[in-house]
Amino acid sequence: GEDVEQSLFLSVREGDSSVINCTYTDSSSTYLYWYKQEPGAGLQLLTYIFSNMDMKQDQRLTVLLNKKDKHLSLRIADTQTGDSAIYFCAEIPGDKIIFGKGTRLHILP
Amino acid sequence: DAGVTQSPTHLIKTRGQHVTLRCSPISGHKSVSWYQQVLGQGPQFIFQYYEKEERGRGNFPDRFSARQFPNYSSELNVNALLLGDSALYLCASSRDIHSTDTQYFGPGTRLTVL
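Attention in this report is confined to the structure presented alongside it. (Residues numbered from 1 in each chain as written. Chains lettered and ligands numbered in written order. Predicted model: local features only at pLDDT ≥ 70, side-chain atom pairs only at ≥ 80, totals over all residues. Heavy atoms only, no water.)

1. Details of unusual backbone geometry
Residue P8(B) is reached from S7(B) by a cis peptide bond, and omega for that bond is -10°. Relative to the helices and strands, P8(B) resides in the loop between strand 1 (5–7) and strand 2 (10–13). The backbone of Q59(A) sits at a positive phi, close to 55°, despite the residue not being glycine. Note that Q59(A) resides in the loop between strand 6 (55–58) and strand 7 (61–66). On the basis of relative accessible area, Q59(A) is assigned to the exposed category, the value being 74%. In the Ramachandran plot, E51(B) falls in the positive-phi region, its phi being about 50° despite a non-glycine side chain. Its location among the elements puts E51(B) in the loop between strand 5 (44–50) and strand 6 (53–57). (Helix = DSSP H or I, 4+ residues; strand = E, 2+ residues; numbered from the N terminus. Buried < 20%, exposed > 50% of the residue type's maximum accessible area, 1.4 Å probe, protein only.)

Given below as structure tokens:
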């Protein structure tokens with residue numbers, strides 16, 4: 001079936017790197033996405049990776065894709081207090097987005 | 001350019017009532033999708049509309065319905081509200097209906113059912 005799994009919570013010190021992991025089930029997804037949701041807000045598209053790529057870098061964000069293991073990760077370099085949010089991994093098998101439950105990133109001073 | 005807009009931002013209803021939520025997509029986007037996000041969960045797909053036709057439906061009861069207008073805006077209707085319908089309802093628009101089209105989300109409507 002369709003399922004996206006993420007760890008629910010991650011705590012990181014300010015200035016360190018954050019790595020948020022995700023596993024998905026459907027290998028037919030052409031793109032895989034990372035969305036960010038701040039408290040009380042909608043979802044903000046952070047970045048996405050095409051399924052035939054292994055890595056994509058966008059400023060402080062690095063996405064790694066292991067298609068064989070259906071594993072996706074988001075690395076945030078030099079984590080800042082403004083990065084505190086819930087991060088959702090998502091795949092699109094067919095006509096709808098399947099989201100994970102989200103990883104809450106907490107920044108320690 | 002304006003992003004996806006939704007109205008109202010907050011809404012309180014009682015059990016048994018019905019509700020209509022509204023969404024305006026990004027200019028030039030023809031597809032609108034609706035999602036329900038219960039507290040502590042990821043968004044769950046409800047509907048996708050494209051060119052005024054329903055093109056996808058999630059696992060939601062018939063109490064949920066939607067439509068898309070000629071200007072591509074959309075309404076989500078929920079009848080006979082239950083306490084469990086309390087959630088953040090998100091609208092997303094995309095340029096077309098292809099799976100490669102990125103969906104952009106609005107800020108959501110928070111519905112509370114008492």
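More follows now that the structure is in view.
2. What about the nonpolar core?
W34(B), I46(B), L76(B) and Y89(B) are the most contacted members of the largest nonpolar core, which has 22 residues in total. One finds V12(A), I20(A), L72(A) and Y87(A) within the second-largest nonpolar core, a separate group that totals 21 residues. (Core = buried A, V, L, I, M, F, W, Y, C linked by side-chain atoms within 4.5 Å.)

3. Here we look at the state of the cysteines
For the coordinates displayed, the defined rule picks out two disulfides over all chains. Disulfide pairing places C22(A) opposite C89(A) at an S-S distance of 1.9 Å. Between C22(A) and C89(A), the S-S dihedral sits near -60°, and the bridge is therefore left-handed. One end of the pair, C22(A), is in strand 3 (residues 18–24); the other, C89(A), is in strand 9 (residues 85–91), with 67 residues separating them in the sequence. Note on accessibility: C22(A) and C89(A) belong to one class, buried. Paired through a disulfide, C23(B) and C91(B) show a sulfur-sulfur distance of 1.8 Å. Every disulfide takes its handedness from the sign of the S-S torsion; for C23(B) and C91(B) that torsion is -60°, giving left-handed. Separated by 68 residues along the polypeptide, C23(B) in strand 3 (residues 19–24) and C91(B) in strand 9 (residues 87–94) bring together distant segments of the chain. (Disulfide = S-S within 2.5 Å.)

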